[in-house]
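A closer look at the structure
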Amino acid sequence: MKFFDTAIAGVKRIEMTPHGDERGLFARLYCPGEYATSGIEFTSVQINLSRNRHVHTLRGMHFQDAPHAEAKVVRVVRGAIYDVVLDLRPESRTYRKWTAATLNANDGNALFIPDGCAHGFMTLEPDTDVLYQMGRMYVPGHAQGVRWNDPAFGITWPAELAVIDAKDRAWALVS
């Protein structure tokens, strides 16, 4: 694996380094030792799947409030997404800034998202599946969010959304 910093402190793009032959390829996707060497202290304790039928489905911007904040590794296993991370850590030098990456099943790359950041994505293809490795068990009652289109953050999305959950549409504006 190769790890690359992004515009947001602590958010890393993770590239798989496949080894291929006539059978296909093999790649390591998660290794706590390699993560630690790159500065990521993360142990996966739960794995979730988000299945999305329609192109331009928007999920987000989600986070868990303290002390139940969740670090995660996000990877697409079918299709493609425009993945957005918003820094909501007041002590961070990148507070209220965002970064985005296109993730797709073909390249197998991922994003590490530290706790204290909101996360959301828009599907770029129909029938897109997103795999989440979570660093903490989900605790009901602590889910929070901010609006995907809040002017306080100025997140730029690649297309008009086609599908969004009522709860995601209803998050209060920060601004």
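All of the points below concern the structure found in this document. (Residues numbered from 1 in each chain as written. Predicted model: local features only at pLDDT ≥ 70, side-chain atom pairs only at ≥ 80, totals over all residues. Heavy atoms only, no water.)

Another aspect to go through is the pairing of strand E11 (residues 117–123). Among the seven residues of E11, seven are classified as buried, and the element is accordingly described as predominantly covered. Residue alternation in E11 divides its side chains into two sets, Cys-117, His-119, Phe-121 and Thr-123 and Ala-118, Gly-120 and Met-122, and both sets are buried. Here strand E6 (residues 57–64) runs beside E11; their pairing, made up of three bridges, is antiparallel. Counted as the bridge partner of His-62 is His-119 from E11. As judged from the seven bridges shared by strand E8 (residues 80–87) and E11, these two strands associate in the antiparallel manner. Looking across to E11, one finds that Ile-81 is bridged to Thr-123. (Buried < 20%, exposed > 50% of the residue type's maximum accessible area, 1.4 Å probe, protein only. Helix = DSSP H or I, 4+ residues; strand = E, 2+ residues; numbered from the N terminus. Pairing = 2+ DSSP bridges.)

This paragraph deals with the pattern of salt bridges. Here the structure, examined in full by the defined rule, presents seven salt bridges. Of the charged contacts, one joins Asp-21 and Arg-23 as a salt bridge, the two residues approaching to 2.5 Å between their closest N and O atoms. Relative accessible area serves as the criterion here: at 34%, Asp-21 is assigned to the partly exposed category. With a shortest N-O distance of 2.9 Å, Arg-89 and Asp-87 are connected by a salt bridge. In this structure, Arg-89 and Asp-87 share a single accessibility class: buried. (Salt bridge = Lys/Arg side-chain N within 4 Å of Asp/Glu carboxyl O.)

The topology assignment puts Ser-92 in the loop between E8 and strand E9 (98–104). On the basis of relative accessible area, Ser-92 is assigned to the buried category, the value being 14%. Within polar-contact distance, the side chain of Ser-92 engages the side chain of Thr-94 at 3.0 Å. Excluding residues that lie within four positions of it along the chain, Ser-92 makes contacts with Ala-9 and Asp-87. (Polar contact = N/O pair within 3.5 Å; in protein donor to acceptor, adjacent residues only side chain to side chain. Contact = heavy atoms within 4.5 Å.)

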